[in-house]
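# Structural features, examined
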Amino acid sequence: MPSEKTLGAAFAGALTVALAAGAGSAAAQTNGGWGAYGADLANTRFSALHQIDTTNVKNLQVAWMLSLGSLEAQESTPILVGDTLYVTTSSGPRYVFAVDAKTGAVRWRYAPEVPADVAATTCCGLDNRGVAYANGKVFVARLDAHLVALDAKTGKEVWNTKVADYKSGIAMTSPPTVVKNLVITGYAGGEYGVRGAISAYNQENGQLVWRTYTIPGAPTDPGADTWKGDSYKHGGGAAWYVGSYDPQLNLVYYGASNPSPWGASERGPDKSEYGRETNLYTASTLALDADTGRIVWHFQTTPYDAWDYDGVNENILADLDLHGQKTPALLKADRNGFFYVLNRRTGALISASPFVYVNWAKGVDPETGRPIENPEKRPRLDVWAKDICPNLFGGKNWEPMSYNPETGLVYIPSFNLCMDLIGRKQVYKAGIMYLASEWNLAKPGPGGHMSELIAWDPVQQKKVWGIKEELPFMGGTLSTAGGLVFYGNIQGWFKAVDAKTGAELWKFNVGTGISQGAMTYELDGKQYVAVVAGRLKTPPSFLADIGERVFAASPEGGVLVVFTLPGA
């Protein structure tokens, strides 16, 4: 029988961190492949390929293009298995393609029948970010909260498992994590008052192996006392983005989203002195035993969140030289504007510094790990907090960053936006957005630019260089051993810059907005770079006149563009 993990088991093991004595490692991609959404299960988005480098990238040209057949929110990163690229589209996904990686010829196309009414219970766009692969199967998570295994050669369904009821406000938008014989996934729904969970399924048959809830389910569950009354019943904490995995520690890392509703008066004392009412495990990073789902440690970046500072951003695993000692680290550029370095074995805070302009908190207490709040910037019931920075899109959102072990830098696609926010009363109703809040998000931060590519030193916790972008929603980053960082912007410019200096070396306009990170691969001695493009629809609509500028700058589209150097 599958075991359904609750917070009781999770808390019981929270301090059990005496794992293997070794520091562990999470090696970056070292060959010509790109086998996972983040290049590797450490989510580094770094490639050791160097045929395309700072000296010849100016010659990069289009090798082939593939129309994706849908228009909304193209957020997929392709993966390479053998000589086949697997890529998803938006809207369900409408399609999963298997494509010849040299020519772009379609080998098969999977077109699932996703119910049309999923749009009514999907918060922030009909996106899909890609697939995972293991043992001859391609795994895709769908907006209707079904996890599906496809035969990698034919595209035929091997199994189809219902993870949750989408009509309650649950959706699945991100690729799962493949670990051993398991395929692990979370889901979205924090804006609908769902109960967040992370679930593992058997790769062969789709049967549930374990499920770990991210918030309590009963007043007797440990952690229920971190919520006001029974507000945990609709508390959010959804793990809607991607996981990371350390095979030596056998730990899977996921982030949990905002508590529900955004308005905090329902969940606690409605002030910065919140005491024990931190609303565990929302806005947190969780380390889970891959075999059982037991929570080994957690770190809460925004206790008693009132700003929608989801903790879901990807966790990059890297071994850093700290004070002359190799340290197994976890790197996270959080929505709340702070860059966190944690010990990934124990969850201990190593350092935390703002990587964007932050005024809602004065810093992070090095002893407790809690933000030192500016009380004037906490929205309360019927009391506006004005000019909060960053706004609820965060210092960084899901657009992925990358880590280059050769430069030692992290390349972060960041936002520079602020907001006004106020809490309101709202009664929970299943399948209806549960926000209890009003807002004004259309406020550029200091300097007037609304995005910036930041090269960040995680050891020194400082910015090395930056490239300002006029509009928000820039794409994620890819870094390579060729000394390059690739990224795109919402105007459709795909760029290559020098990883050490930020100097622009090449750019090409793909005709529609880029809000995802590129990938690279090698076949028959030739390196390729691939990026998916297609204008965002829902997120910019929250930004009033700024959103209109985004739409005007970025025509609708849906395309996979692959580049290479000329010649054989």
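Just so we're clear, the structure is a prediction, and the values are computed from it rather than from any experiment.

### Some details on the state of the cysteines
By definition, a disulfide links the sulfur atoms of two cysteines through a covalent bond. Summed over all chains, the structure comprises two disulfides. The disulfide bridge from C123 ends at C124, spanning 1.9 Å between sulfur atoms. Relative accessible area serves as the criterion here: at 35%, C124 is assigned to the partly exposed category. Across a sulfur-sulfur distance of 2.0 Å, C389 and C418 are joined as a disulfide pair. Its S-S torsion of about 105 degrees marks the bond between C389 and C418 as right-handed, since a negative value means left-handed. Placement of C389 in the loop between β26 (385-388) and β27 (402-404) and of C418 in strand β29 (residues 417-423) is noted, with a sequence separation of 29 residues between them.

### Re the side chain of N250
Topologically, N250 is positioned in the loop between β16 (244-246) and β17 (251-255). One polar contact links N250 to Y245, side chain to side chain, over a distance of 2.8 Å. A distance of 3.0 Å separates polar atoms of two side chains, one belonging to N250 and the other to D291.

### Considerations on the nonpolar core
Counting residues in each nonpolar core, the largest one holds 61 residues, and the members touching the most others are W297, L331, F339 and I412. The residues contacting L331, other than those within four sequence positions of it, are E314, N315, I316, A318, L320, F339, Y340, V341, M401, Y403, V410 and P458. The next biggest cluster of nonpolar side chains, apart from the first, holds 39 residues, and it includes A39, L68, F97 and A518.

### Some details on the sheet that holds β17
Strand pairing in a sheet takes place through backbone hydrogen bonds and is either antiparallel or parallel in direction. One open sheet accounts for four strands, arranged β16-β17-β18-β19; its pairing is antiparallel. Where the open sheet ends on each side, the last strands, each with one partner, are β16 and β19 (295-300). When the angles between neighbouring strand axes are averaged without regard to direction, this sheet yields 20 degrees. Pairing of strand β18 (residues 284-289) with β19 involves five bridges; the strand directions are antiparallel. Considered in β19, the bridge of S284 is made with Q300.

### Regarding the pairing of strand β21 (residues 325-333)
Consecutive residues of a regular strand have side chains that alternate between opposite faces of the sheet. Burial analysis of β21 places seven of its nine residues in the buried class, which makes it a mostly covered element. With seven bridges joining them, strand β20 (residues 316-322) and β21 adopt antiparallel strand pairing. Bridge pairing links L317 to L330 in β21. Between the antiparallel neighbours β20 and β21 lie two residues, among them H323 with a positive phi of about 55 degrees. Hairpin connection from β21 to strand β22 (residues 338-343): four residues lie between these consecutive antiparallel strands, with G337 at a positive phi of about 100 degrees.

### Structural notes on the side chain of T121
Here T121 is to be found in the loop between β7 (106-110) and β8 (132-134). Reaching out from T121, the side chain makes a polar contact with the backbone oxygen of Y166 at a distance of 3.1 Å. Apart from the residues within four sequence positions on either side, T121 is in contact with Y166, K167, G169, I170, Y192 and G431.

### What to know about the confidence of the model for the protein chain
Keep in mind that low pLDDT regions are not for reading the predicted coordinates in detail. Averaged over every residue, the pLDDT of the protein chain is 93; the share at 70 or more is 94%. Every residue in residues 1-30 is under pLDDT 50, and counting partners more than four places away or in other chains gives 76 contacts.

### Remarks on the sheet that holds strand β9 (residues 137-141)
If you walk across this open sheet you meet the four strands as β8-β9-β10-β11, and the pairing is antiparallel. Two strands close off the open sheet at either side, each with one partner strand: β8 and β11 (157-162). Across the sheet, the mean angle separating the axes of adjacent strands is 20 degrees when strand polarity is ignored. Of the pairings in the sheet, the one linking β9 to strand β10 (residues 146-151) comprises five bridges and is antiparallel in character. Paired with A141 across the bridge in β10 is L147.

Reading the values: rules and limits
Note on numbering: residues in each chain are counted from 1, in written sequence order. Residue-level local features of this predicted model are given only where pLDDT is at least 70; pairs of side-chain atoms are given and counted only at 80 or more, and the full residue set underlies all totals for whole chains, interfaces and linings. Side-chain descriptors were evaluated using all non-hydrogen atoms of the structure, hydrogens and water having been removed beforehand. The term disulfide is used for any two cysteine sulfur atoms that are within 2.5 Å. Burial classes follow relative accessibility: with a 1.4 Å probe on protein chains only, a residue under 20% of its type's maximum area counts as buried, one over 50% as exposed, and anything between as partly exposed. Think of it this way: any DSSP run of H or I at least four residues long counts as a helix, any run of E at least two long counts as a strand, and we number them from the N terminus. Any pair of N or O atoms that falls within 3.5 Å is considered a polar contact. Within protein, one atom must be able to donate a hydrogen and the other to accept it, and sequence-neighbouring residues count only if both atoms are side-chain atoms. The set of buried Ala, Val, Leu, Ile, Met, Phe, Trp, Tyr and Cys residues whose side-chain atoms join them within 4.5 Å is what this entry labels a nonpolar core. We call two residues in contact when some of their heavy atoms are within 4.5 Å. Strands were regarded as paired on the criterion that DSSP finds at least two bridges between them. Only the stretch in contact is used when a helix axis is fitted, and all axes are lines through C-alpha atoms; the angle between N-to-C directions ranges over 0 to 180 degrees. Confidence of the predictor in every single residue is expressed as pLDDT, which spans 0 to 100.

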